[in-house]
There are 2 protein chains.
Amino acid sequence: MSEPRLVEVRKNVLKQNDITARALRERFRNDGVFVASLVSSPGSGKTAFLERILTELQPEYRVAALVGDLATENDAMRLARSHAPVKQIVTGTICHLEAAMVERALEGWQPAPLDFLFIENVGNLVCPSSYDLGESVRFVLMSVTEGEDKPLKYPTIFNSADVAVITKLDLAAAVEFNSVAAHANIQAVRPGMKIFEVSSKTGEGIKDFLRFLTEQVPARKNPVSAN
Amino acid sequence: MSEPRLVEVRKNVLKQNDITARALRERFRNDGVFVASLVSSPGSGKTAFLERILTELQPEYRVAALVGDLATENDAMRLARSHAPVKQIVTGTICHLEAAMVERALEGWQPAPLDFLFIENVGNLVCPSSYDLGESVRFVLMSVTEGEDKPLKYPTIFNSADVAVITKLDLAAAVEFNSVAAHANIQAVRPGMKIFEVSSKTGEGIKDFLRFLTEQVPARKNPVSAN
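Please read all numbers here as calculations on a predicted model, not as lab measurements.

**Observations concerning the overall build of chain A**
Here is step 1: Summing up its helical and strand segments, chain A has 8 helices and 7 strands in all.
Here is step 2: Relative to its length of 227 residues, chain A is compact, with a C-alpha radius of gyration of 17 Å against a globular reference of 17 Å.
Here is step 3: Structurally, chain A occupies a C-alpha span of about 60 × 45 × 35 Å along its principal axes.
Here is step 4: Of the accessible surface of chain A, which amounts to about 9700 Å², a share of 52% is contributed by carbon and sulfur atoms.
Here is step 5: Each charge class in chain A can be summarised by its mean position, and for the 26 positive and 28 negative side chains these summaries are 3 Å apart.

**Thoughts on the interface of chain A and chain B**
Here is step 1: Opposite the 40 residues of chain A that make contact, chain B presents 40 residues.
Here is step 2: Each partner contributes to the roughly 3300 Å² buried at the junction of chain A and chain B, and carbon and sulfur atoms together form 55% of this total.
Here is step 3: Among the ionic pairs, Glu 176 of chain A bridges to Lys 201 of chain B, the shortest N-O distance being 3.4 Å.
Here is step 4: There are 17 residue pairs in polar contact (both at pLDDT 80 or more) connecting chain A and chain B.
Here is step 5: Residue assignment for the side of chain A that touches chain B shows that the elements contributing at least two residues are helix H1 (3-31), helix H3 (74-80) and helix H5 (150-153) of chain A.
Here is step 6: When residues in the side of chain A that touches chain B are grouped by element, the largest group, 8 residues, is from H1 of chain A.

**A few points about the sheet that holds strand E5 (residues 137-143) of chain A**
Each strand in a sheet pairs with another by means of backbone hydrogen bonds, the pair being arranged parallel or else antiparallel.
Residue and element names in this part refer to chain A.
Here is step 1: A sheet is described by the order of its strands in space; here 7 strands give the open sequence E3-E2-E4-E1-E5-E6-E7, paired in parallel fashion. Edge positions in the sheet fall to strand E3 (86-90) and strand E7 (194-197), since each of these pairs with one other strand and no more. Here the average twist between neighbouring strands, direction ignored, is 20°.
Here is step 2: In the sheet, strand E2 (residues 63-69) pairs with strand E4 (residues 116-120) via 5 bridges, with the strands oriented parallel. Within E4, the residue paired with Leu 66 across the bridge is Ile 119.
Here is step 3: Relative to the sheet, helix H4 (residues 99-106) contacts E2, E3 and E4, its axis offset from that of E3 by approximately 135°.

**Side note on the pairing of E7 of chain A**
All names here are of chain A.
Here is step 1: The pairing of strand E6 (residues 163-167) with E7 spans 4 bridges and is classified as parallel. Looking at the pairing, Ile 166 lines up with Glu 197 of E7.
Here is step 2: Handedness of the E6-helix H7 (residues 179-189)-E7 crossover: right-handed.

**A short note on the confidence of the model for chain A**
All names here are of chain A.
Here is step 1: For chain A, per-residue confidence averages 91 on the pLDDT scale, and 92% of positions sit at 70 or higher.
Here is step 2: Counted against residues more than four places away or in other chains, residues 221-227, with its pLDDT under 50, gives 9 contacts.
Here is step 3: Of the two predicted TM-score estimates for the complex, the pTM is 0.81 and the ipTM is 0.71.

**Describing the relation of the copies chain A and chain B**
Here is step 1: Between chain A and chain B, the superposition needs a rotation of 180° and an axial shift of 0.0 Å, giving an RMSD of 0.0 Å. Overall, the copies show the geometry of a two-fold rotation axis.
Here is step 2: Counting the interface residues of chain A, we find that 100% of their copies in chain B are interface residues as well, pointing to one common contact surface.

**As for the packing of helix H2 (residues 46-57) of chain A against helix H8 (residues 206-214) of chain A**
Each pair of packed helices can be described by the angle between their axes along with the distance between the axes.
Residue and element names in this part refer to chain A.
Here is step 1: Interhelical geometry of H2 versus H8 gives an angle of 65° and a closest axis separation of 11 Å. Here H2 and H8 pass one another in a crossing that is right-handed. Two secondary-structure elements touch here, H2 through Phe 49, Arg 52, Ile 53, Glu 56 and Leu 57 and H8 through Ile 206, Phe 209, Leu 210, Leu 213 and Thr 214.
Here is step 2: In terms of residue class, the contact of H2 with H8 is built from 7 nonpolar, 1 polar and 2 charged.

**Let's talk about unusual backbone geometry**
Here is step 1: Of note in the backbone geometry, Thr 72 of chain A takes a positive phi value of approximately 75° without being a glycine.
Here is step 2: Relative to the elements of secondary structure, Thr 72 of chain A occurs in the loop between E2 and H3.
Here is step 3: The phi dihedral of Lys 168 of chain B is positive, around 60°, even though this residue is not glycine.

**Focus: the nonpolar core**
Here is step 1: Val 140, Phe 158, Ile 166 and Ile 186 of chain A together with Val 140, Ile 166 and Ile 186 of chain B are the most contacted members of the largest nonpolar core, which has 50 residues in total.
Here is step 2: Mapped onto this core, the elements with two or more residues apiece are E5, helix H6 (155-160), E6 and H7 of chain A together with strand E5 (137-143), helix H6 (155-160), strand E6 (163-167) and helix H7 (179-189) of chain B.
Here is step 3: Ile 186 of chain A has contacts with Met 142, Pro 151, Phe 158, Ala 164, Ile 166, Met 193 and Ile 195 of chain A, leaving out every residue within four places of it along the chain.
Here is step 4: The next biggest cluster of nonpolar side chains, apart from the first, holds 31 residues, and it includes Phe 49, Leu 54, Val 165 and Val 198 of chain A.

**Details of the sheet that holds E5 of chain B**
All names here are of chain B.
Here is step 1: Here 7 strands make up an open sheet; going across it, the order is E3-E2-E4-E1-E5-E6-E7 and the pairing parallel. Single-partner strands in this sheet number two, and they are strand E3 (86-90) and strand E7 (194-197). Within the sheet, the average angular offset between the axes of one strand and its neighbour, ignoring direction, is 20°.
Here is step 2: In terms of strand pairing, strand E2 (residues 63-69) meets E3 through 5 bridges, oriented parallel. Residue pairing across strands places Asp 69 opposite Val 90, the latter belonging to E3.

**Side note on the pairing of strand E1 (residues 34-40) of chain A**
Residues and elements named next belong to chain A.
Here is step 1: Burial runs high along E1: 7 of the 7 residues are buried.
Here is step 2: The alternating pattern of E1 places Phe 34, Ala 36, Leu 38 and Ser 40 and Val 35, Ser 37 and Val 39 on opposite faces, both of which are buried.
Here is step 3: Of the strand pairs in this sheet, E1 and E4 are connected by 5 bridges, and their pairing is parallel. By the bridge assignment for E4, Val 35 is matched with Leu 117.
Here is step 4: Judged from the 5 bridges that link them, E1 and E5 form a sheet pairing that is parallel. Paired with Val 39 across the bridge in E5 is Val 140.

Procedures and definitions
- Residues numbered from 1 in each chain as written.
- Chains lettered and ligands numbered in written order.
- Predicted model: local features only at pLDDT ≥ 70, side-chain atom pairs only at ≥ 80, totals over all residues.
- Heavy atoms only, no water.
- Helix = DSSP H or I, 4+ residues; strand = E, 2+ residues; numbered from the N terminus.
- Rg over C-alpha atoms; globule rule 2.2 N^0.38 Å.
- Areas by Shrake-Rupley, 256 points an atom, 1.4 Å probe, with all protein chains shown as cover.
- Lys, Arg positive; Asp, Glu negative; His and termini not counted.
- Charge placed at Lys NZ, Arg CZ, Asp CG, Glu CD.
- Contact = heavy atoms within 4.5 Å.
- Buried area = accessible area lost by both parts, 1.4 Å probe.
- Salt bridge = Lys/Arg side-chain N within 4 Å of Asp/Glu carboxyl O.
- Polar contact = N/O pair within 3.5 Å; in protein donor to acceptor, adjacent residues only side chain to side chain.
- Pairing = 2+ DSSP bridges.
- Axes fitted to C-alpha atoms, helices over the stretch in contact; angles between N-to-C directions.
- Right-handed = clockwise from strand over helix to strand, strands pointing away.
- pLDDT = per-residue confidence, 0-100.
- Least-squares fit on C-alpha atoms with pLDDT ≥ 70 in both.
- Left-handed = near helix turned anticlockwise from the far one by under 90°.
- Nonpolar A, V, L, I, M, F, W, Y, C, P; charged D, E, K, R; others polar.
- Core = buried A, V, L, I, M, F, W, Y, C linked by side-chain atoms within 4.5 Å.
- Buried < 20%, exposed > 50% of the residue type's maximum accessible area, 1.4 Å probe, protein only.

Right under this line is the structure:
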């Protein structure tokens, strides 16, 4: 059986990732940028949510985004509509971002000093769990259309995240979403986890989320203009 | 860099999987059972779809299902409502089923002679791509809520599948689903791929899908009773 060797090699890769992630975190702290990453299943609405957040933050905050995908630059193009600096990381066949990919993406692409850098991971509820990207906070998104038991079925990714965001609230009635059950399942896996419920389409819940985000950074003395 | 070693070890694992899958396929053929697997992102509606299909087929056909998940036996419990024999495969941290898992699950769980065996893979649009399970046909599901560009972003899984099923058609209007774009994106990745559009909730499109399935097996001379 070659399984033990596979496990051993993977451990080395993960260890190297932790070293790189630690260096990134140090660098982000020195630069005074708050880094938030987003993980979720494909189609949970990460990009729509991020587009809304980038747009809403921009009048006052300096923001940028890195976005990972196996293929295509579609998400970067969508996010570019927010007029924030956006860079795509195409991972090929790799189902998660790694700290070294973030490091490489930042080389030669250093937007002006930032308040927030968002990292949208590859859509996957398994692979990204083990890879620290040096972020300050990791958001795990699940949409109301996915079923309330996702946290129980993918406990590792919920454990690796700091805050949960339930998306597509505008579809909650159509899919008979059971909010109480969803919250209970999240709490069963990660007791005390903070949960937001939002609709990127109608804007419901977005203000609460923005308040949480902006509380994480020092108040800006010289807000940038809305241009 | 340990990457080349990782790739090499993974190749060996995949090769062993192909050998096991080939043996399974031979066995299924000898047993006269048509095996269909389902892959999709988490929350695309595999279990709801399968519950409907198992229920609709049963009056006339002998059916059973294997269902993979990282954790919980929720899906097996949901599928058991169809009264078909169902067995859960809990994969732990592994984000896909492997042929050996199917082989082990069949040991000591041999339902009466079957016409159809369904295998619901772990919800993941990346990991299951490379693992042949000995199935006769692989269905890739995507729901209307996930965005029309999923095939472009996850081309490998669409390439590994034989037939696409667009699910949650009842939500198409609410999410402004663009069917033409979705079909075009599937065809761009896998020209000629057959596509079904269904709603497990309303039953729309289910009859067409059932007709396709039942055409794959010889007409039953002695249909089982509806009990």
